[in-house]
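# Per-entry structural report
Residues per chain are reported as follows:
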Amino acid sequence: MKYCLKCGREVSEEDYVNGLCIDCFRKYGNPFAKQVEIRVKQCVKCGSILYKGEWVQDTLEGIIRKHILEHQHKYLISGVELVGLDPVGGIHEFSKGGFQQEWVFNMLINGKHFVQFTDSIKVFIEKTVCPRCMARASKKITAIIQVRGGKAASLRSRVEEIIRNDPGLAEAVLEIEDAPNGFDIRLIDQLPARKLAYTISRMFGGTVKETFKNVKYDARKGGWLGILTLSVRIPDVSEGSIVRYGNELWIVVKLDEKGMHLENLKSARRAFIPYDEYWGGKVVLVENYYIKGVYEVVAIDKSMVYLLNRDTGEMVETLISNIPFRIEKGDEIKIFVVDNNEYIVKNYTGGNTA
Ligand SMILES: [Zn+2]
Ligand SMILES: [Zn+2]
């Protein structure tokens with residue numbers, strides 16, 4: 001039999017730990033053999049961490065947990081087994097590159113008693129650049145795609161998705177960066193750059209202008225090496241926009257690869273405008289308007305239409321002759337106000353896709 005050094009109680013082998021009975025251990029004991037100190041290298045460019053000789057994309061907490069679980073015998077006294085651990089609160093820098101964080105350790109004593117202790121761990125992070133990022137940095141930019149336009153910035157995430165879903169493109173793209181009125185994509189290869197530029201332009205109704213700047217003559221290949229710049233201009237309009245065209249007001253119903261489908265606000269007449277005409281300045285975005293509301297047609301009689309705004313409960317009556325298209329009970333319409341005039345338009349779901 002063993003005796004507890006604190007309370008003097010006689011204890012069985014399985015309730016005895018490091019000179020104490022399990023109850024005293026919970027109160028006064030220390031399961032740690034030494035403070036956890038981890039040294040890691042982290043890439044400043046991609047954030048990956050060097051762990052066991054390999055650069056891995058994991059969080060710092062993930063690495064800390066893995067390391068402690070694998071090396072627990074080094075940090076814990078014998079008879080104590082670590083079953084799990086979690087960080088408490090944030091990580092604080094206490095010296096340059098030295099960080100400290102509290103962690104809760106869940107442990108089993110003698111395979112029987114569950115105990116919980118908190119300890120602060122230290123992590124020393126050496127900032128460096130991983131070999132992969134170094135290899136990429138040494139590659140030369142040979143093409144730049146400049147995506148520009150009033151709504152270009154809002155398309156960035158969709159463009160990034162196109163790049164992610166195409167391994168060839170993803171490999172060729174070095175970086176994407178915000179720029180005034182849009183964003184820039186820098187690539188190491190001109191062929192995929194051209195392909196991407198035209199894909200973006202096709203998707204959003206843009207135009208592409210190519211310029212090539214000679215950097216140096218390659219005698220071996222008999223041609224110039226240089227940077228290809230592809231300027232992609234994206235129209236400011238999107239589906240649901242109001243535009244002025246031929247001195248009349250229109251709503252943009254649909255944008256496709258060739259141009260924009262418009263519907264006249266007054267007459268509901270349709271028109272198709274190729275992008276050339278847009279870029280020629282014939283279609284002008286109207287920004288000074290508001291939407292009075294979305295209404296449901298609740299009743300129609302000989303001359304009047306009764307509309308209900310379901311959000312506000314507001315009822316509106318209007319002459320049938322004010323509505324330039326056929327309507328039925330149950331239809332949804334939208335009222336636009338442009339220059340103090342009200343226009344009734346079918347409620348195209350999808351609306352503004354920008
Ligand atoms: Zn005791
Ligand atoms: Zn890296």
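Residues numbered from 1 in each chain as written. Chains lettered and ligands numbered in written order. Predicted model: local features only at pLDDT ≥ 70, side-chain atom pairs only at ≥ 80, totals over all residues.

Along the backbone of the protein there are eight helices and 25 strands. Based on the C-alpha atoms only, the size of the protein along its principal axes is roughly 100 × 75 × 30 Å. Counting the 354 residues in the protein, one finds 20% classified as buried. For the protein, the proportion of contacts with a sequence separation of at least 24, taken over those separated by at least 6, is 51%. (Helix = DSSP H or I, 4+ residues; strand = E, 2+ residues; numbered from the N terminus. Buried ≥ 20, exposed ≤ 12 C-beta atoms within 10 Å, placed from the backbone. Contact = placed C-beta atoms within 7 Å.)

Moving on, we get to the sheet that holds strand 16 (residues 242–245). On the basis of which strands lie adjacent, the open sheet formed by five strands has the order 19-18-17-16-20 and antiparallel pairing. Each edge of the open sheet carries a strand with a single partner, namely strand 19 (270–274) and strand 20 (283–286). Adjacent strand axes in the sheet meet at a mean angle of 40° when their direction is disregarded. The sheet contact formed by strand 16 and strand 17 (residues 248–255) spans four bridges and is antiparallel. (Pairing = 2+ DSSP bridges. Axes fitted to C-alpha atoms, helices over the stretch in contact; angles between N-to-C directions.)

Here the focus is the nonpolar core. Core analysis: the largest hydrophobic core is formed by 22 residues, its most contacted members being V243, I251, V252, M260, L262 and V345. Within the residue set of this core, elements represented by two or more residues are strand 16, strand 17, strand 18 (259–264), helix 8 (275–279), strand 22 (304–309) and strand 25 (341–346). Top element by residues in this core is strand 17. It accounts for four residues. Among residues more than four places away in sequence, those in contact with M260 are G205, V237, V252, L255, I273 and Y278. Among the nonpolar cores identified, the runner-up in size contains 21 residues, and V159, L187, A197 and I200 belong to it. (Core = buried A, V, L, I, M, F, W, Y, C linked by C-beta atoms within 7 Å.)

Let us now look at the pairing of strand 10 (residues 113–128). In this sheet, strand 10 lies alongside strand 5 (residues 37–43) in parallel orientation, the contact comprising seven bridges. Bridging from a neighbouring strand, Q42 pairs with K127 of strand 10. Relative to strand 10, strand 9 (residues 98–109) runs antiparallel, the two sharing 12 bridges. If you follow V104 over to strand 10, its bridge partner there is T118. In this structure, the hairpin formed by strand 9 and strand 10 is closed by a connection of three residues, where N110 is found at a positive phi of approximately 50°.

The next point concerns the sheet that holds strand 11 (residues 143–148). The five strands are arranged 12-13-11-15-14 in an open sheet whose pairing can be described as mixed. Strands at the two margins of the open sheet, each flanked by one partner only, are strand 12 (173–179) and strand 14 (207–218). Across the sheet, the mean angle separating the axes of adjacent strands is 15° when strand polarity is ignored. Pairing geometry for strand 12 and strand 13 (residues 182–187), over six bridges, is antiparallel. In the sheet register, I176 faces strand 13, and the bridge partner there is I185. Helix 7 (residues 190–204) contacts strand 11, strand 13, strand 14 and strand 15 (223–233) of the sheet and is inclined by roughly 15° relative to strand 15.

In this sheet, strand 15 lies alongside strand 11 in parallel orientation, the contact comprising six bridges. By the bridge assignment for strand 15, A143 is matched with L228. Strand direction decides the pairing type here: strand 14 and strand 15, joined by 11 bridges, are antiparallel. What sits directly across from T207, in strand 15, is R233. Where strand 14 folds back onto strand 15 in an antiparallel hairpin, the turn is made up of four residues, including G222, whose phi is positive at roughly 70°.

Here the focus is the confidence of the model for the protein. A residue-level look at the protein finds 98% of positions with pLDDT of 70 or above and a mean pLDDT of 90. A low-confidence stretch, residues 350–354 stays under pLDDT 50, and its non-local contacts, those more than four residues away or across chains, total 11 contacts. (pLDDT = per-residue confidence, 0-100.)

Assignment of secondary structure puts V237 in the loop between strand 15 and strand 16. Note on V237: 25 C-beta atoms within 10 Å, which makes it buried. Sequence separation between V237 and V284 is 47 residues, and the spatial gap between their C-alpha atoms is 8.7 Å.

Another aspect to go through is helix 7. Note: α-helices contain 3.6 residues per turn, so residues at a spacing of three or four share the same orientation. Taking 1.5 Å per residue, 15 residues should reach 21 Å; helix 7 reaches 21 Å between its end C-alpha atoms and fits that length. The complete set of buried residues in helix 7 reads A193, L196, A197, I200, S201 and F204. The arc that holds the buried residues of helix 7, viewed along the axis, is 130°, so those residues lie on one side. Buried-residue contacts for helix 7 involve strand 11, helix 5 (156–164), helix 6 (167–172), strand 13, strand 14 and strand 15. (Expected span 1.5 Å × (residues − 1). Arc of directions from axis to C-beta.)

Tracing the backbone shows W279 in helix 8. We classify W279 as partly exposed; it has 14 C-beta atoms within 10 Å.

Another point: unusual backbone geometry. We note that N110 has phi near 50°; this positive angle belongs to a residue other than glycine. Following the sequence through the fold, N110 ends up in the loop between strand 9 and strand 10. For N110, a count of 16 C-beta atoms within 10 Å translates into the label partly exposed. In this structure, A268 takes a positive phi of about 65° despite not being glycine.

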